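Each chain is listed here by its residues.
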Amino acid sequence: MYDFTSMIPRRNTDSVKWDVKPNELPMWVADMDFKVAPEIRDAMRQKIDFGIFGYEEPHDDYFQAVIDWYTKEHHATPKKEWMFLSTGVVPTISSSVRRVSNVGDNVLVQAPVYNIFYNSIVNNGRHVLSSDLVYDPNNHQYHIDFADLERKLAEPLTTMMILCNPHNPIGKVWSRDELIKINQLCIKHSVTLLSDEIHGDLVFQGDDYTPMFSLPDDLIQNVIVCVSPSKTFNVAALHAATVIIPNQVLRDKVNRGINTDELGEPNLLAIPGTIAAYTKAGQWVHKLRQHIRANYQTVVDFCQKNIPDVTVVPSTATYLVWIDVSQLTDDSAKLESFIRSQTGLYVSAGTVYGGDGNHFLRMNIASPASMIDDGLNRLKNGIEQFKQSK
């Protein structure tokens with residue numbers, strides 16, 4: 001019923017990911033190479049067949065679908081009055097930056113982190129302030145320097161923090177205790193915390209992620225949570241997200257920004273697509289996570305056996321693998337470009353994520369196993385040629 005093995009030809013389909021040369025293999029942007037769950041496609045067909053596409057707005061069935069999904073999948077139940085629809089997580093981040101901070105303020109992130117956060121900050125006249133995650137090269141794990149985090153939250157111009165939960169690109173699931181500690185510091189220093197939880201459904205092993213809205217009431221009055229079916233169900237072009245804000249004053253402020261920026265009106269498939277995803281496609285996601293876990297283990301085993309100069313950073317979430325290439329170079333952009341030119345493999349250079357990203361590559365593994373095998377062999381060949389070139 002669910003096909004995670006077939007290679008779907010995507011060239012010349014307006015795909016951003018597959019807009020590459022004939023010999024290239026794209027494993028970069030966070031976009032899966034699997035057909036969307038049939039339950040979602042059926043709902044979309046019914047909408048198309050209806051044949052009238054006027055102005056729309058979400059009603060109780062939309063928000064109840066979100067509530068039921070988070071209750072069932074993550075044992076966390078947001079209240080209906082906390083929620084409103086937006087056309088995407090990134091548009092919501094940018095709009096929130098404009099609403100809850102001022103031009104010239106600092107917006108804090110934890111680099112290396114999803115590079116589009118930087119765009120949302122800088123393009124709106126704010127300053128990026130990073131409390132970099134600390135990498136331990138011995139166990140290849142990251143941790144938060146809470147002393148540094150507090151120093152930077154305490155700066156007078158720091159008015160907002162953007163959290164990635166789970167964290168892209170390192171694939172780390174923040175524990176409940178870590179989330180509590182982060183937000184206790186934000187509250188102490190009057191900082192609004194926006195939590196991007198777009199990868200929350202993609203924990204493929206270990207403990208589940210903790211939605212920020214599930215923390216005690218006194219710890220969520222400064223919190224903006226953004227969720228979406230886009231990564232979970234491979235529906236990025238659906239342009240649908242849900243914003244969850246427990247505090248009414250903050251909710252009204254952000255919601256006003258969403259409406260001012262014209263980000264509150266869904267397209268014709270956003271509502272039926274989201275409802276179908278959350279109410280009918282759960283089994284598809286469960287199968288997907290099994291496939292991601294298998295692909296992840298394939299990458300780990302292959303690199304250990306065939307590319308000893310790199311290390312896969314241990315992760316438990318997302319379908320994005322963070323690969324330590326520090327033994328080869330301190331300029332991952334140069335390595336990425338070389339591998340692409342020599343083998344056609346297109347991965348992401350870690351430099352764009354800030355922090356210590358210049359020592360890493362990011363690889364998307366949400367593809368059929370045959371594509372993973374092809375990509376790994378190209379990675380091996382590219383690295384061997386890179387070493388010879390030096």
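Residues numbered from 1 in each chain as written. Predicted model: local features only at pLDDT ≥ 70, side-chain atom pairs only at ≥ 80, totals over all residues. Heavy atoms only, no water.

A separate point is the overall build of the chain. Check the secondary structure of the chain and you find twelve helices and 15 strands. Against the 2.2 N^0.38 benchmark of 21 Å for 390 residues, the chain shows a C-alpha radius of gyration of 21 Å, consistent with a compact globule. When each of the 390 residues of the chain is scored for burial, the buried share is 59%. Taking the contacts inside the chain whose residues are at least 6 apart along the sequence as the reference set, 73% of them involve residues at least 24 apart. Total accessible area on the chain stands at roughly 16300 Å², and carbon and sulfur atoms take up 49% of it. A gap of 3 Å separates the mean positions of the 36 positive and 46 negative side-chain charges of the chain. (Helix = DSSP H or I, 4+ residues; strand = E, 2+ residues; numbered from the N terminus. Rg over C-alpha atoms; globule rule 2.2 N^0.38 Å. Buried < 20%, exposed > 50% of the residue type's maximum accessible area, 1.4 Å probe, protein only. Contact = heavy atoms within 4.5 Å. Areas by Shrake-Rupley, 256 points an atom, 1.4 Å probe, with all protein chains shown as cover. Lys, Arg positive; Asp, Glu negative; His and termini not counted. Charge placed at Lys NZ, Arg CZ, Asp CG, Glu CD.)

Next up on the list: the nonpolar core. Within the largest apolar cluster, 108 residues are counted, with the highest numbers of intra-cluster contacts made by Met161, Phe233 and Trp284. For this core, the leading source of residues is helix 10 (residues 282–306), giving nine residues. Aside from chain neighbours lying at most four places away, what touches Trp284 is Tyr2, Phe4, Met32, Phe34, Lys35, Val36, Ala37, Thr232 and Phe233. Counting 26 residues, the second-largest nonpolar core is a separate cluster that includes Ile198, Ile224, Ile245 and Ile258. (Core = buried A, V, L, I, M, F, W, Y, C linked by side-chain atoms within 4.5 Å.)

Tallying each qualifying case throughout the model produces 17 aromatic pairs. Measuring from centroid to centroid gives 5.1 Å for Tyr62 and Phe63, while their planes differ by 85°, and the two rings are edge-to-face. Here Tyr62 matches Phe63 in class, with each residue buried. Clustering of aromatic rings is evident, with ring pairs tying together Phe4, Phe34, Trp69, Phe233, Tyr278 and Trp284. One Lys or Arg, Lys181, reaches over the ring of Phe146 and ends 4.4 Å from the middle of that ring. When the ring centre of Tyr346 is taken as reference, the NZ or CZ atom of Arg340 above it lies at 3.6 Å. (Phe/Tyr/Trp six-rings, centres within 6.5 Å; stacked < 30°, edge-to-face > 60°. Lys NZ or Arg CZ within 6 Å of the ring centre and 35° of its normal.)

Once that is clear, we can look at the pairing of strand 12 (residues 320–324). Among the five residues in strand 12, five count as buried, and that is most of the element. Burial along strand 12 is two-sided: the residues Leu320, Trp322 and Asp324 and Val321 and Ile323 are all buried. The pairing of strand 11 (residues 311–312) with strand 12 spans two bridges and is classified as antiparallel. Following the sheet pairing, Thr311 is matched in strand 12 by Asp324. Bridging between strand 12 and strand 15 (residues 360–364) involves five bridges; their strand directions are antiparallel. Looking at the pairing, Ile323 lines up with Leu361 of strand 15. (Pairing = 2+ DSSP bridges.)

Right, let's get into the pattern of salt bridges. Enumeration over the complete set of coordinates arrives at 14 salt bridges. Linking Asp33 and Arg10 is a salt bridge whose minimum nitrogen-to-oxygen distance equals 2.8 Å. Here Arg10 lies in the segment before strand 1 (25–26) and Asp33 lies in the loop between strand 1 and helix 1 (38–50), a separation of 23 residues in the sequence. (Salt bridge = Lys/Arg side-chain N within 4 Å of Asp/Glu carboxyl O.)

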